[in-house]
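# Notes for the structure review
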Amino acid sequence: MLAPAVLPTPLQVLADPVAARAGVELRLKRDDLAHPAVPGNKWRKLAPNLDGAVADGHTRLLTFGGAYSTHVRAVAAAAQALGLASTGVIRGDELAMAPRNWSLRAAEAAGMELEFVSRAAYRALATGEHGELLRRWGRCLVLPEGGSNALAVRGAAEIPAEIPGLGERDLLCCPVGTGGTLAGIAAGLPPGARALGVAVLRGEGYLEREVTDLQLAAYGREFDNWRIHHGHHGGGYGRVPAEVQTFAAEFEQRHGVPVERRYVAKTLLAVHDLAAAGELAPGTRVTVVVTGLPDPVAA
Ligand SMILES: Cc1ncc(COP(=O)(O)O)c(C=O)c1O
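Residues numbered from 1 in each chain as written. Predicted model: local features only at pLDDT ≥ 70, side-chain atom pairs only at ≥ 80, totals over all residues. Heavy atoms only, no water.

### Comments concerning helix H9 (residues 180–188)
By the criterion of burial, H9 is predominantly enclosed, with eight of the nine residues buried. Residues of H9 that are buried include every one of Gly180, Thr181, Leu182, Ala183, Gly184, Ile185, Ala186 and Ala187, and no others. (Buried < 20%, exposed > 50% of the residue type's maximum accessible area, 1.4 Å probe, protein only. Helix = DSSP H or I, 4+ residues; strand = E, 2+ residues; numbered from the N terminus.)

The following block contains the structure:
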């Protein structure tokens, strides 16, 4: 059985001098504490899909990801806990013969079968029809890369629903990778409150379309209460510049909160810089959703 998440996740008020000077209140929504094996937005996005998989009698989950994908590890752990088989289609056929990194080792240790495919084949499989995969692996629930689908968006919409008293002065912030988390947060906000996504990859235009498409898939309509900030991707997906590392280390020291580097640190730095630049109106209450845990130190 998969242990339930600890919900609602805590809301933590931060004493932050830069935010205070800008007249901005800063809080964290500690989704990183939701679940030990399926933390942060992984729980929000996977839980509704897992319920659906069990209800539909699926015996295998199949998903996609890169060599260090948190989503792949979370699917492996969830499948194991639920007594389901799992398959991870991994980008990079050169990895097949290489020693497993800590992330892939963890997925395999949870019973996931890994299939390594070339980058071209990966693109085709992850974005195209799944007929070939189903023929190869049998009937299974196929979860998209990053886990973002209509059910995942509805799961992420639970985040603002857990925060009492949201209104006109509230801005909820989260990282944007595939867009499912932002799509759901925005959809779940009450009137007047707004969402700001921080892109962690170069994706201006593309990411906005992804978020809109996910909202259409989940709710049959778009929402106009969100935007994406593109100034803090740090050079691209997975890139963590020294400035982001330094900021994250200082943040951890000051507030005692572990900061995941590829998503959460970029989001916190973006909020910090926007506040310092006076781009957040005084009186704004910013709640940053801590969407994940730092990677375990590579063994
Ligand atoms: C810690 C963390 N935060 C944020 C994201 C991005 O979320 P989304 O893909 O829903 O935009 C991810 C990846 O899914 C993640 O691992």
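Having seen the structure, we can now continue with the description.
### Section: the sheet that holds strand S7 (residues 170–176)
Strand order in the open sheet formed by six strands is S1-S2-S10-S7-S8-S9, and the pairing between neighbours is mixed. For this open sheet the edge positions go to strand S1 (11–14) and strand S9 (226–229), each flanked by a neighbour on one side alone. Direction aside, neighbouring strands of the sheet carry axes that sit 25 degrees apart on average. Across four bridges, the pairing between S1 and strand S2 (residues 25–29) is antiparallel. Directly across from leucine 14, in S2, lies its bridge partner leucine 26. Across the sheet, helix H12 (residues 261–276) is in contact with S2, S7, strand S8 (194–199), S9 and strand S10 (285–289); its angle to S7 comes to roughly 140 degrees. (Pairing = 2+ DSSP bridges. Axes fitted to C-alpha atoms, helices over the stretch in contact; angles between N-to-C directions. Contact = heavy atoms within 4.5 Å.)

### Some thoughts on the pairing of strand S3 (residues 60–65)
Along S3, six of the six residues are buried, which leaves the element largely enclosed by surrounding structure. As paired strands, S3 and strand S4 (residues 85–91) are joined by six bridges and run parallel to one another. Paired with phenylalanine 64 across the strands is valine 89, a residue of S4. Handedness of the S3-helix H3 (residues 70–82)-S4 crossover: right-handed. With two bridges joining them, S3 and strand S6 (residues 141–142) adopt parallel strand pairing. Of the residues in S6, the one forming a bridge with leucine 62 is valine 142. (Right-handed = clockwise from strand over helix to strand, strands pointing away.)

### What about unusual backbone geometry?
Backbone torsion omega between leucine 7 and proline 8 reads -5 degrees, so that peptide bond is classified as cis. Within the secondary structure, proline 8 is located in the segment before S1.

### Description of the domain arrangement of the protein chain
Many authors give the size of an interface as the accessible area that is lost as the parts come together. As far as domains go, the protein chain holds domain 1 (11–37 + 149–289) and domain 2 (59–139). Each of domain 1 and domain 2 was reduced to a C-alpha centroid, and the two centroids are 28 Å apart. (Domains from an automatic or database assignment.)

### A short note on the site of the ligand
By nearness alone, 14 residues border the ligand, and Lys45, Gly177, Thr178, Thr181 and Thr291 come closest of all. Between the ligand and the protein, one listed contact pairs an oxygen atom with a backbone N or O atom of glycine 179 at 2.7 Å. Contact distances for the ligand include 2.6 Å between a nitrogen atom and a side-chain N or O atom of threonine 291. If the ligand stood free it would expose 390 Å²; the protein chains cover 95% of that surface. Put simply, the parts of the chain that give the shell around the ligand at least two residues each are helix H2 (41–55), S7 and H9. For the shell around the ligand, the leading source of residues is H2, giving three residues. Residue composition of the shell around the ligand, grouped by class: three nonpolar, nine polar and two charged. (Near = heavy atom within 4 Å. Polar contact = N/O pair within 3.5 Å; in protein donor to acceptor, adjacent residues only side chain to side chain. Areas by Shrake-Rupley, 256 points an atom, 1.4 Å probe, with all protein chains shown as cover. Nonpolar A, V, L, I, M, F, W, Y, C, P; charged D, E, K, R; others polar.)

### Here we look at the pattern of salt bridges
Following the criterion strictly, the structure yields 17 salt bridges and no others. For glutamate 115, the salt bridge is made with arginine 136, and the minimal N-O distance between the two is 2.9 Å. Separated by 21 residues along the polypeptide, glutamate 115 in strand S5 (residues 112–117) and arginine 136 in helix H6 (residues 131–137) bring together distant segments of the chain. Using a relative accessible area of 17% as the deciding quantity, one classes glutamate 115 as buried. Three or more residues joined by partner-sharing salt bridges are found here, namely Lys29, Asp31, Arg44 and Glu162. (Salt bridge = Lys/Arg side-chain N within 4 Å of Asp/Glu carboxyl O.)

### As for the packing of H2 against H3
The geometry of H2 relative to H3 is characterised by a closest axis approach of 11 Å and an angle of 40 degrees between their N-to-C directions. One finds that H2 runs oblique with respect to H3. As H2 runs across H3, the sense of the crossing is right-handed. Listed contacts from H3 to Lys42, Leu46, Leu50 and Val54 of H2 are Thr70, His71, Ala74, Val75, Ala78 and Leu82. Each residue belonging to the contact of H2 with H3 can be placed in one class, and the counts come to seven nonpolar, two polar and one charged. (Parallel < 35°, antiparallel > 145°, perpendicular 65-115°, else oblique. Left-handed = near helix turned anticlockwise from the far one by under 90°.)

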